[in-house]
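What follows is each chain in one-letter form.
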Amino acid sequence: MRIEDKSDYYIHVSDEIVVNQDYFEIGTNKKYCVKVIKNPNKMLSLYVKYGNKKVNNSIKIAIMGTCFSRNAFNSSNYFNPGYKEVFDCVFTQFHSSIISLMTEPVSFNLDKYTDLTINEKGFVNADFNKTFFDNLISSKADYLIIDLYCDAIRPLIWINNKQAVTLSYLVENSKLLNDLNIQSILDHLDNDKYFNIWKMYLDKFVERLIKIIPSERIILNMGRFALEYYDNERKKSKYPNAMMIKRNNYFWDKLDNYFLAKVPDAKVLDIQKYPLIGDVKYPYGHSFSHYESNYYKLFLKELALLILRDRLNS
């Protein structure tokens, strides 16, 4: 609970309690939708957004990425309450690495893991089942936004020589990690090794991707990790692990540059020209990958301008 000009109060939820994940409509003419969830920090969150009104001629967006890209398409006030007046987010592949998506499916039953929400299970299943390309085709998206967060920072679990899954924060924080048959882990202690392996899978990924969606309708979101954040007093503070953050950003640069070399016609969404500042009041938990509210509004503005220019020139 957040009270204006006072401290935040968090409601903790025990592991035994399962919270309903579905939105329900409230207000006059069902103007708002509300959802109560147990977030990854085992605290109760209440999401309030505008009702699910969609414009018939909205631009259909698919996303393969993380919060850097997906949360701009969120109807809460912190993000973009009116985004559905222009955009329709038709498909999200959330927290999947390129390498994982290009390996063979992994059969795994997530039903018993109560530490994952229904939505989180869907995202993990999508990574395990390797359904990205089929879902992208079915979505009939006008544009695909990609960010390479997972490839820049998250490890990869090899089940065997042909099967791999992303060690996302969802998997890392779930008991399912203990039940996976892990042959080896490809991490970022040796980024040169990671990069050489990643390039081979990225080449195959691009070859298949551009058969589904033209390269000029692929948008690379060049997200980066923040070095500063707003604290509770709204003063700028520096993250203590600056060297690690800079190392991760350097490697993310390297991945983005290689991607653009392989897909030179892809469009680029680069918000780095604006200050990248985290925020302790971010709704889903404080992190150097979670920004102040204004970032997501600038992101949507830049995206709209990019697509407008594309359509004017086509």
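Residues numbered from 1 in each chain as written. Predicted model: local features only at pLDDT ≥ 70, side-chain atom pairs only at ≥ 80, totals over all residues. Heavy atoms only, no water.

Undergrad: Which parts of the structure should I look at to understand the packing of aromatic side chains?
TA: The geometry of an aromatic ring pair is captured by the separation of the ring centres together with the interplanar angle, meaning the angle of the planes. Across all of its chains, the model carries 37 aromatic pairs by this definition. When the ring of Phe 108 is compared with that of Tyr 113, the centres are 6.1 Å apart and the planes differ by 15 degrees; the resulting orientation is stacked. Looking at Tyr 113, the relative accessible area reads 5%, which means it is buried. A cation over an aromatic ring shows up here: Lys 204 above the ring of Tyr 201, its NZ or CZ 5.4 Å from the ring centre. Here the basic side chain of Lys 254 rests over the ring of Phe 195, its NZ or CZ set 4.5 Å away from the ring centre. (Phe/Tyr/Trp six-rings, centres within 6.5 Å; stacked < 30°, edge-to-face > 60°. Buried < 20%, exposed > 50% of the residue type's maximum accessible area, 1.4 Å probe, protein only. Lys NZ or Arg CZ within 6 Å of the ring centre and 35° of its normal.)

Undergrad: Sorry if this is basic, but what is going on with the environment of Ile 219 here?
TA: Structurally, Ile 219 can be placed in strand S10 (residues 218–221). According to the relative accessible area criterion, Ile 219 is buried, its value standing at 0%. Sequence separation between Ile 219 and Ile 307 is 88 residues, and the spatial gap between their C-alpha atoms is 9.7 Å. Discounting residues that sit within four places of it in the chain, Ile 219 has contacts with Tyr 143, Leu 144, Ile 145, Ile 146, Lys 267, Leu 269, Leu 303, Leu 306 and Ile 307. (Helix = DSSP H or I, 4+ residues; strand = E, 2+ residues; numbered from the N terminus. Contact = heavy atoms within 4.5 Å.)

Undergrad: Before we go on, may I ask you to explain the pairing of strand S5 (residues 87–94) in this structure?
TA: When a strand is regular, its side chains alternate between the sheet's two faces. Where burial is concerned, most of S5 is hidden: seven out of the eight residues are buried. Both strand S4 (residues 59–65) and S5 contribute to a ladder of seven bridges, which runs parallel. Following the sheet pairing, Ile 63 is matched in S5 by Thr 92. (Pairing = 2+ DSSP bridges.)

Undergrad: So what exactly am I meant to see when it comes to the nonpolar core here?
TA: Taken as a class, soluble globular proteins show a tendency for nonpolar side chains to be buried jointly. Judged by nonpolar contacts, the single largest core of 73 residues is most densely connected at Phe 73 and Phe 205. Broken down by element, the residue count for this core peaks at eight residues, all from helix H7 (residues 191–209). Residue contacts for Phe 205: discarding those within four places in its chain leaves Met 64, Ile 98, Leu 101, Met 102, Phe 132, Phe 133 and Ile 146. Of all hydrophobic cores here, the second largest spans 14 residues; its members include Val 106, Leu 116, Ile 157 and Leu 170. (Core = buried A, V, L, I, M, F, W, Y, C linked by side-chain atoms within 4.5 Å.)

Undergrad: When you look at the sheet that holds strand S11 (residues 228–230) in this model, what are you seeing that I'm missing?
TA: Note: strands within a sheet are paired through backbone hydrogen bonds, in either parallel or antiparallel orientation. Reading across the sheet, the three strands line up as S12-S11-S14 and stay open at both edges, with mixed pairing between neighbours. For this open sheet the edge positions go to strand S12 (236–238) and strand S14 (277–279), each flanked by a neighbour on one side alone. Pairs of neighbouring strands in the sheet enclose a mean axial angle of 40 degrees, with direction left out of account. The sheet contact formed by S11 and S14 spans three bridges and is parallel. The residue of S14 that forms the bridge with Glu 228 is Ile 277. (Axes fitted to C-alpha atoms, helices over the stretch in contact; angles between N-to-C directions.)

Undergrad: Whenever I open this one, a nonpolar patch on the surface confuses me. Can you help?
TA: There is a patch of nonpolar side chains on the surface, built from Leu 305, Leu 308 and Leu 312 and spanning about 300 Å² of accessible area. With respect to the secondary-structure elements, Leu 308 resides in helix H9 (residues 293–313). Exposure remark for Leu 308: the relative accessible area of 46% places this residue in the partly exposed category. (Patch = residues over 30% accessible without salt bridge, like charges linked within 9 Å, V, L, I, M, F, W, Y side chains within 5 Å. Areas by Shrake-Rupley, 256 points an atom, 1.4 Å probe, with all protein chains shown as cover. Salt bridge = Lys/Arg side-chain N within 4 Å of Asp/Glu carboxyl O.)

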